Structures are given as C-alpha cells and as structure tokens.
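Overview (structure and organization)
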Amino acid sequence: MLAALKWGAIVGVAAYVVGIALVFFNQALTATGSTSITENPILLVPVCLGIFVLLFAASAAGFYAGRETGIAGLGAVAGIIFFVVSDLLGLIYTPGGHAGVSASPFWSQFVAIAFDLGIVACMGWLGGRPGAQRSPLRVAQPASAPRLESLLESPPREG
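Just so it is clear, the model here is predicted, and its values are computed rather than measured.

Within this structure, the stated rule accounts for three aromatic pairs. With a centroid separation of 5.9 Å and 15° between ring planes, the pair formed by Phe52 and Phe56 is classed as stacked. Residue Phe52 and its partner Phe56 are both found in helix H2 (residues 44–69); the two are separated by four residues, about one turn of the helix. Considered together, Phe52 and Phe56 belong to a single accessibility category, that of exposed residues. Among the aromatic side chains, those forming a connected cluster through ring pairs are Trp7, Phe63 and Tyr64.

Encoded structure:
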C-alpha cells in the first residue's frame, strides 16, 4: 500500500506540472487569434495532450506500484491516488484562475467524480499488470509456493 501511495503521489505531482505547462501552451495559442475551435482547430492540441497525460500518468503510477510490489491491484490504488493528488494541487493553484462553482446538481457532480475515479483506477490496474509481471518479487518466489494463475486454472478433465 505504501508503494501505491508513493508512486501515486510522485506521478500526481509530475502530471500536475505537465498540466500547468499545457495551460500555458493553451494560453499562448489563444493569445494570438481566435478562440473558436472551428476557426482554429490547433486549439484542440492541448486538450488532446491533457487527456493523453491523464491516461498515461494513471497507467504509469500503476506500473511502478505493481513492479515494486508484484501486485497488479495496487496499480488501481496508485491511479486513484495520482488523480486525487493532481486534483488537490490543481485546487491550490491553477494558472489563469479557476472556473467558477458549477451550478449543476450534486448528484451529477458525484457521478462525474465517480466516473473519473473509475477510469483512473482501471488505467492504473492496466498499468499494474505488466508492472507486477516484471516485479523482482514475482521472480524470487520459491517454486513450492502456489501461484495465483495455477489456483485459477481449471482442474484437468479425466477420460
């Protein structure tokens, strides 16, 4: 659990820094002309990069947590911690100020947050799987210890 906390926090801070760079990039693009996406489609580049950074960072946090512990499920925890850390840092400071308080109902905000947490948990777990496979702890297991894969296999059929 400590590895998930560590890698989630490290990747969360790194993703926050990259997010700030993307905000400055977006401000540089909008300062030179129209802010309409239909007139200037290059404005979608920072948005697409932001989505990519979000997904990649959740997967990276899961990979490193899985590699350190040998447990893929901790990748999901690391992905959630990454998201919480980067959002908390974003609440503390965001260049250009915050968008105002949303007038949407509480339940819709709850569903949006739950959806985001579900996505980063899944991406963290997807990163945690190859990380756990590359874990030195997994290689160092004694041969007599049963592995999870062997426990999940169906018994051989007779006849």
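The structure having been displayed, the exposition proceeds.
Our next topic: the pattern of salt bridges. Taken as a whole and assessed by the stated rule, the structure comprises one salt bridge. Of the charged contacts, one joins Glu68 and Lys6 as a salt bridge, the two residues approaching to 2.9 Å between their closest N and O atoms. Highlighted residues: Glu68 in helix H2 and Lys6 in helix H1 (residues 2–31), separated in sequence by 62 residues. Overall, Glu68 belongs to the partly exposed group, its relative accessible area being 37%. Residue Lys6 is classed as partly exposed on the basis of its relative accessible area, which comes to 37%.

Time to look at the environment of Ile42. Mapping Ile42 onto the fold places it in the loop between H1 and H2. Looking at Ile42, the relative accessible area reads 43%, which means it is partly exposed.

Criteria and thresholds
Each chain has its residues counted from 1, following the order in which its sequence is written. A pLDDT threshold of at least 70 governs which residues receive local features in this predicted model, and a stricter bar of 80 or more applies before side-chain atom pairs are shown or counted, although totals over entire chains, interfaces and linings include all residues. Note that the side-chain values use all heavy atoms of the structure and ignore hydrogens as well as water. Side-chain rings of Phe, Tyr and Trp (the six-membered ring for Trp) are treated as a pair once their centres are within 6.5 Å; stacked means planes under 30 degrees apart, edge-to-face means over 60, and tilted covers the remaining angles. Secondary structure elements are defined from DSSP: runs of H or I of at least 4 residues count as helices, runs of E of at least 2 residues count as strands, and each element is numbered from the N terminus. Throughout, exposure labels follow a simple rule: accessible area from a 1.4 Å probe, protein chains only, divided by the maximum for the residue type, with under 20% read as buried, over 50% as exposed, and the rest as partly exposed. Whenever a carboxyl oxygen of Asp or Glu lies within 4 Å of a side-chain nitrogen of Lys or Arg, that contact is scored as a salt bridge.

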